[in-house]
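A look at the structure
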Amino acid sequence: TTEIYTSSLVGSVRCVQETGINAEYMGFIYKMKANPDPFKTIEEKVKALASKTIPEMLTGKEYDAKTAPELAHGISETIIKGLAEINKEFKYAVSCIILSKTECGLHLSSSCFWNSITDGSIVEKWEGEKMFCVVTVFGFAIQQSLILLRTSPYSAYI
């Protein structure tokens, strides 16, 4: 099947959304795909990915203000690539903070306006000899999509 992520088929989409049945548009028959599984179903895999990636990239390294941005970017990019392999039904945002292990304090907070049933987040903290790292991953479910079921027998006449 081919998935079409569009709502430009206004009449058909509205019909499918309201009735949950198949709709025909331009000789093709579509069905609305159900919302994806909630973030909770992949939460452990996401946490495992983050908890594996951070020490792989930071263990044995000294904190250096000049290389910290590059390390943070590398961690974020590695996690994003891994998330795409876990589940492509989500849009992801990854935040990575690396700071020197000193007497300074750090307080973090985040807030999202999202669907609390399908979306979610994890926070992974890591502590090395010379630095701390905090990674936050947000997963936002891609909502409904249309799935092409088959062409209509009447499509040749359209």
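Residues numbered from 1 in each chain as written. Predicted model: local features only at pLDDT ≥ 70, side-chain atom pairs only at ≥ 80, totals over all residues. Heavy atoms only, no water.

Focus: the overall build of the protein
Note the following rule: Strands here are runs of E lasting at least two residues and helices are runs of H or I lasting at least four, both read from the DSSP assignment and numbered beginning at the N terminus. Burial status follows relative accessibility: with a 1.4 Å probe on protein chains alone, a residue under 20% of its type maximum counts as buried, one over 50% as exposed, and anything between as partly exposed. Contact criterion: two residues are considered in contact whenever any of their non-hydrogen atoms come within 4.5 Å of each other. To be clear on the numbers: accessible area is Shrake-Rupley with a 1.4 Å probe, and residue cover counts the displayed protein chains and nothing else.
Looking only at helices and strands, the protein has three helices and seven strands in total. When the helices and strands of the protein are listed from N to C terminus, the series reads β-α-β-β-α-α-β-β-β-β. Sorting the 158 residues of the protein into buried and exposed places 35% on the buried side. Long-range contacts, defined here as pairs at least 24 residues apart, represent 73% of the contacts in the protein between residues at least 6 apart. Summed over all atoms, the accessible surface of the protein reaches about 10,200 Å², with 53% contributed by carbon and sulfur.

Some thoughts on the packing of helix α2 (residues 43-58) against helix α3 (residues 68-86)
Selection rule: The convention used is that axes are lines fitted to C-alpha atoms, helices contributing only their stretch in contact, and that angles between N-to-C directions extend from 0 to 180 degrees. Less than a right angle of anticlockwise turn of the near helix away from the far helix marks a crossing as left-handed, whereas a clockwise turn marks it as right-handed. Three classes are used, and their members are as follows: Ala, Val, Leu, Ile, Met, Phe, Trp, Tyr, Cys and Pro are nonpolar, Asp, Glu, Lys and Arg are charged, and the others, Gly among them, are polar.
With their axes 10 Å apart at the nearest point, α2 and α3 run at an angle of 150° to one another. In this structure, α2 meets α3 at a crossing whose hand is right-handed. Between α2 and α3, the contacting residues are Lys45, Val46, Leu49, Ala50, Thr53, Ile54, Met57 and Leu58 on the first element and Leu71, Gly74, Ile75, Thr78, Ile79, Gly82, Leu83 and Ile86 on the second. When the residues that make up the contact of α2 with α3 are grouped by side-chain class, the tally is eleven nonpolar, four polar and one charged.

Notes on the pairing of strand β6 (residues 131-141)
Looking along a regular strand, one sees the side chains alternate between the two faces of the sheet. To be explicit about the condition: DSSP bridges decide pairing: two strands pair if at least two such bridges lie between them.
Of all eleven residues making up β6, nine are buried, and the element is well covered by its neighbours. Across eleven bridges, the pairing between strand β4 (residues 90-100) and β6 is antiparallel. Bridge assignment links Ile98 to a residue of β6, and that residue is Cys133. Relative to β6, strand β5 (residues 120-127) runs antiparallel, the two being bridged by eight bridges. The residue of β6 that forms the bridge with Glu127 is Phe132. What sits between the antiparallel neighbours β5 and β6 is a turn of three residues.

Observations regarding the confidence of the model for the protein
One rule of thumb: low pLDDT means the predicted coordinates there are not for detailed reading. Here is the rule we go by: What pLDDT reports is the predictor's confidence in each residue, on a scale of 0 through 100.
In the predicted model, the protein carries a mean pLDDT of 77, and 67% of its residues have values of at least 70. Confidence, read as mean pLDDT per element, is least for strand β1 (residues 2-4) in the protein (36) and greatest for α2 (97). Counting contacts from residues 1-20, a segment whose pLDDT is below 50, to residues more than four positions away or on other chains yields 38 contacts.

Concerning the side chain of Ser76
As for its placement among the helices and strands, Ser76 is situated in helix α3. When sequence neighbours within four positions are dropped, the list of residues in contact with Ser76 reads Val94 and Cys96.

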